[in-house]
Amino acid sequence: MSAATNPNRGDIAPDFHVAIIGGGITGINLALGLQARRIPFTIYERAPAFGEIGAGIGFSPNAERAMAAIDPTILAAFKAAANPNGEDYFQWVDGHATEELLFKLHVGKDGFQGGLRSDILDAWASLVKNPTSTVQFGKTLASIESPSPNSAVTLHFTDGTTATASVVIGCDGIRSRVRQLLLGESSPAAHPHYTSKFCYRALVPMDRAVATVGQYKAGTRFMHNGPDAHVITYPVGGNKVLNVLVVLSDNGGWTDKTKHTGPGSKEEVLDAFAGWGPTVRGIVDLMPEQMDKWAIFDMLDHPAEKYNKGRVCIAGDAAHATGPHLGAGGGMGIEDALVLSELMDAAARGVGSVEKALEAYNEIRYERTQAVVKMTRRACLLFHWQVEEVGNDGVKFGREIAPMFLKVWECDQEKMVEEALAKLEG
Ligand SMILES: Cc1cc2nc3c(=O)[nH]c(=O)nc-3n(C[C@H](O)[C@H](O)[C@H](O)COP(=O)(O)OP(=O)(O)OC[C@H]3O[C@@H](n4cnc5c(N)ncnc54)[C@H](O)[C@@H]3O)c2cc1C
């Protein structure tokens, strides 16, 4: 039985308070989970308001189940902002030579829908009650002081202010300050590392996309694969916009390996796809003349040994940032938020201790999230025909890629939460 549904649970300790650093996908889902369980919290967000970049995102079936288990209104808000699927399949096409289907995978009824990140985050942010007392914008975490075990933690912000909390959960993304403070700034594990892949993103008006690739290709999710590159397209924004993500293997195009973004152009993307089929070149031609390009970093090479220490932990990208290739990173943060909401609910009511709750969180989430980071790297090699024994063979590709997606999608989250709570109680 989960903590939230246990009728015999105790009262919340009077001074219990959770500090959430960062109000992205993970931080907002965690806040809504605590709100549903009546656990006091504050989100400290460095930006002046909640916000996401103008791009698409899709949420996997496990992410949807986690949203519902955190609070059904989260799933309802996502579904209202999501675009209907053209077809309930992932479809991979040889975008280089034949333009034939390589493999397709059923995603379930209305499964893995995409939407605009900004629409989804706005919808979730509107569910936060009393934002004036539960959210502090313009607060950049600088350091954390934990004077002794079992006592409150003090947060220091770059504006010179401080705050205290019973527990600090770092949901502060791929360049997490909380991670640096937990692991030591000089540790290679404190920072993400370049994966030798980079990407370009664009939102294209649907009428132009339909005129170029036709209604069917523009109205449903496709990935076009080929040597050293792939292109993902899916409709967002009420079928008015086509979301385009182009991922390239780095053959010398990214010079400063520490930089996360840089200026890019359509011309250089078209050059990268010289010799590819007309569909991919047509899609690229719809992108703006000038756009940013984004290096893809992850935490595979230098993982954190643990996600927790004392009364501090990391969640979402701060703990296990991964490339976008399995569309799983956001969903992993939402699963973290589910487990942490349940554990904080129990700990706040006197079950075990905060430290023990964070230990249980780490033990339950570590293996699965690290596996996703690893599989995601492998998936990109498959998409780029860089796995010699698979190459462009659709049957072999399907045999490798399907189990990866299914491993992400088919998690028994009820059991995961039960096991986490049993560890806290044990
Ligand atoms: C190209 C691309 C496509 C992707 N597509 C998908 C997809 O389809 N599906 C999917 O599930 N995932 C996808 N992902 C992964 C997904 O975007 C991330 O996993 C997710 O956004 C991480 O959310 P987060 O809340 O953990 O971190 P973030 O979104 O990075 O949020 C961190 C927040 O913390 C704040 N912050 C940072 N430092 C501080 C500080 N010191 N003090 C206070 N606040 C701070 C930031 O301002 C930010 O608001 C994709 C990723 C990429 C790069």
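Bear in mind that the values here come from a model prediction, so they are computed numbers and not experimental data. (Residues numbered from 1 in each chain as written. Predicted model: local features only at pLDDT ≥ 70, side-chain atom pairs only at ≥ 80, totals over all residues. Heavy atoms only, no water.)

### Some words on the overall build of the protein
And then number 1: If you tally the helices and strands in the protein, you get 14 helices and 19 strands.
And then number 2: Relative to a compact globule of 426 residues, whose C-alpha radius of gyration would be 22 Å, the protein shows 22 Å and is just as compact.
And then number 3: For the protein, the C-alpha atoms occupy an extent of roughly 65 × 45 × 40 Å along the three principal directions.
And then number 4: By the burial criterion, 57% of the 426 residues in the protein qualify as buried.
And then number 5: Put simply, 74% of the contacts in the protein that link residues at least 6 apart link residues at least 24 apart.
And then number 6: Total accessible area computed for the protein in this model is approximately 17,200 Å², and 51% of it derives from carbon and sulfur atoms.
And then number 7: The averaged location of the 50 negative side-chain charges in the protein is 1 Å from the averaged location of its 40 positive side-chain charges. (Helix = DSSP H or I, 4+ residues; strand = E, 2+ residues; numbered from the N terminus. Rg over C-alpha atoms; globule rule 2.2 N^0.38 Å. Buried < 20%, exposed > 50% of the residue type's maximum accessible area, 1.4 Å probe, protein only. Contact = heavy atoms within 4.5 Å. Areas by Shrake-Rupley, 256 points an atom, 1.4 Å probe, with all protein chains shown as cover. Lys, Arg positive; Asp, Glu negative; His and termini not counted. Charge placed at Lys NZ, Arg CZ, Asp CG, Glu CD.)

### Comments concerning the site of the ligand
And then number 1: Close to the ligand lie 30 residues; Thr 26, Glu 45, Gly 58, Arg 117 and Asp 317 are nearest.
And then number 2: In the environment of the ligand, a nitrogen atom lies 2.7 Å from a nitrogen or oxygen atom belonging to the backbone of Gly 58.
And then number 3: The separation between an oxygen atom of the ligand and a polar side-chain atom of Asp 317 is 2.7 Å.
And then number 4: Its free accessible area being 1,000 Å², the ligand has 85% of it covered by the protein chains.
And then number 5: Elements with a contribution of two residues or more to the shell around the ligand: helix 1 (25-36), strand 2 (41-45), strand 3 (56-58) and helix 11 (329-348).
And then number 6: Counting residues per element, the shell around the ligand draws most heavily on helix 11, which supplies 3 residues.
And then number 7: By residue class, the composition of the shell around the ligand is 10 nonpolar, 12 polar and 8 charged. (Near = heavy atom within 4 Å. Polar contact = N/O pair within 3.5 Å; in protein donor to acceptor, adjacent residues only side chain to side chain. Nonpolar A, V, L, I, M, F, W, Y, C, P; charged D, E, K, R; others polar.)

### Describing the sheet that holds strand 19 (residues 312-314)
And then number 1: Pairing in this open sheet of 6 strands is mixed, and the strands run 7-2-1-11-19-18 from one edge to the other. Sheet topology places strand 7 (135-137) and strand 18 (308-309) at the edges, where each strand pairs with a single neighbour.
And then number 2: Pairing between strand 11 (residues 167-170) and strand 19: 3 bridges, direction parallel. Looking at strand 19, one finds that Val 168 is bridged to Val 312. (Pairing = 2+ DSSP bridges.)

### Here we look at the pattern of salt bridges
And then number 1: Taken as a whole and judged by the stated rule, the model has 22 salt bridges.
And then number 2: Residue Glu 289 is joined to Lys 266 by a salt bridge in which the shortest nitrogen-to-oxygen separation is 3.2 Å. Of this pair, Glu 289 sits in the loop between helix 9 (278-285) and strand 17 (290-298) while Lys 266 sits in helix 8 (residues 266-272), placing them 23 residues apart in sequence.
And then number 3: Note on Glu 289: relative accessible area 52%, which makes it exposed.
And then number 4: As a salt-bridge pair, Glu 400 and Arg 378 come within 2.7 Å of each other at their nearest N and O atoms. With Glu 400 in helix 13 (residues 394-409) and Arg 378 in helix 12 (residues 354-383), the pair connects residues that are 22 residues apart, well separated along the chain.
And then number 5: Within the structure, one salt-bridge network assembled from shared partners comprises Glu 335, Asp 336, Arg 365 and Arg 368. (Salt bridge = Lys/Arg side-chain N within 4 Å of Asp/Glu carboxyl O.)

### Topic: the UniProt feature "domain: FAD-binding" (unreviewed entry) in the protein
And then number 1: Following the UniProt record, one finds the feature "domain: FAD-binding" (unreviewed entry) at residues 16-375.
And then number 2: Helix makes up 35% of residues 16-375 and strand 28%. Its end C-alpha atoms lie 38 Å apart. (UniProt positions renumbered as here; feature names shortened; annotations may be inferred.)

### Concerning the side chain of Asn 243
And then number 1: Checked against the element boundaries, Asn 243 lands in strand 15 (residues 241-249).
And then number 2: Judged by relative accessible area, which is 4%, Asn 243 ranks as buried.
And then number 3: Among the polar contacts made by the side chain of Asn 243, one reaches the main-chain amide nitrogen of Gly 56 at a distance of 2.8 Å.

### Concerning the pairing of strand 1 (residues 18-21)
And then number 1: Burial of the side chains of strand 1 extends over both faces: Val 18 and Ile 20 are buried on one face and Ala 19 and Ile 21 on the other.
And then number 2: Relative to strand 11, strand 1 runs parallel, the two sharing 4 bridges. Its bridge partner being in strand 11, Ile 20 is matched across the sheet by Ile 169.
And then number 3: The sheet contact formed by strand 1 and strand 2 spans 4 bridges and is parallel. Its bridge partner being in strand 2, Val 18 is matched across the sheet by Phe 41.
And then number 4: What joins strand 1 to strand 2 is helix 1, and the crossover it makes is right-handed. (Right-handed = clockwise from strand over helix to strand, strands pointing away.)

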